[in-house]
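Observations on the three-dimensional arrangement
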Amino acid sequence: MTTDAETGTDTEEPTLTIDELAARAGTTVRTVRFYSTKGLLPPPVIGARRVGHYGQEHLSRLALIEELQHQGMTLAAIERYLGRLPRDLSAHDLAIHRAVVASWAPDTVETLGRTELERRAGRALDDEDIERLVAMDVIAPDDGAFRVDSGLLRLGVRLLDVPVSQEAILASRNVLIEHSRAAAHELSQVFRGEVSQRAAQDVKSLSAHMQPLVVQALLTTFQRSLREELREWLKESPEDRDE
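Description of the structure in this document.

So, how was this worked out
- Residues numbered from 1 in each chain as written.
- Predicted model: local features only at pLDDT ≥ 70, side-chain atom pairs only at ≥ 80, totals over all residues.
- Heavy atoms only, no water.
- Buried < 20%, exposed > 50% of the residue type's maximum accessible area, 1.4 Å probe, protein only.
- Helix = DSSP H or I, 4+ residues; strand = E, 2+ residues; numbered from the N terminus.
- Pairing = 2+ DSSP bridges.
- Contact = heavy atoms within 4.5 Å.
- Patch = residues over 30% accessible without salt bridge, like charges linked within 9 Å, V, L, I, M, F, W, Y side chains within 5 Å.
- Areas by Shrake-Rupley, 256 points an atom, 1.4 Å probe, with all protein chains shown as cover.
- Salt bridge = Lys/Arg side-chain N within 4 Å of Asp/Glu carboxyl O.

Among the 5 residues of strand E7 (residues 145-149), 4 are classified as buried, and the element is accordingly described as predominantly covered. Where strand E5 (residues 109-112) and E7 come together, 4 bridges link them in antiparallel fashion. Bridging across to E7, Glu-110 finds its partner in Val-148. Looking at chain direction, strand E6 (residues 139-142) and E7 are connected through 4 bridges and run antiparallel.

So this is what it looks like as structure tokens:
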């Protein structure tokens, strides 16, 4: 795996055959080919003997498609959703989208013991790892067990390997909460006039349709803004950063 110096995102050479991709994603080769014909997956990299090779981006897209299906979205709705995503999203970006989509589900919080938590995480977790996951609000201690947001667990575990202090994680979380609440309040004011004269069922229907669109717009805008900030930061001299 290599890192793009300009954006800071990870890139990985495609190395999986279609059979290996299907096995890793827990689906079938037929399904992978079907999604490819629908344009839901980017084409593979063609290697020797005309064999297609797939990578982490394909795995992340398959996981996102699966999560969207779990939320009850039709194939047509999934096509529209993926069609609105920027074409240059990395596997990590797609994983973030999946985590946000999973957070729409009302029953994503489970209570797990340490052993089951580590099994779901796919790795052993030491006390420092547990503290960092608690700081990220992915898990919470609960009488010898842990309440786990299963929609965020995979992303939280990946962030354990990012060299950021627990203090920075807490500060970042506070910033995101503060500005997310402000954005939610302002958006509610924008739509208040649209729903004030409608029946309660119509309001619920509008909310169900708007929520994924608004979340997608916020997330995409945030990712683009963060990349722009990173590019500007990388352009600065070391002396400027220390000021």
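The next subject is the side chain of Asp-129. Locating Asp-129 in the fold gives a position in helix H7 (residues 127-135). The residues contacting Asp-129, other than those within four sequence positions of it, are Arg-123, Ala-124 and Leu-160.

Here we come to a nonpolar patch on the surface. Together, Leu-176, Phe-222 and Leu-226 give the surface a local cluster of nonpolar side chains, amounting to about 290 Å² of exposed area. Within the secondary structure, Leu-226 is located in helix H10 (residues 200-235).

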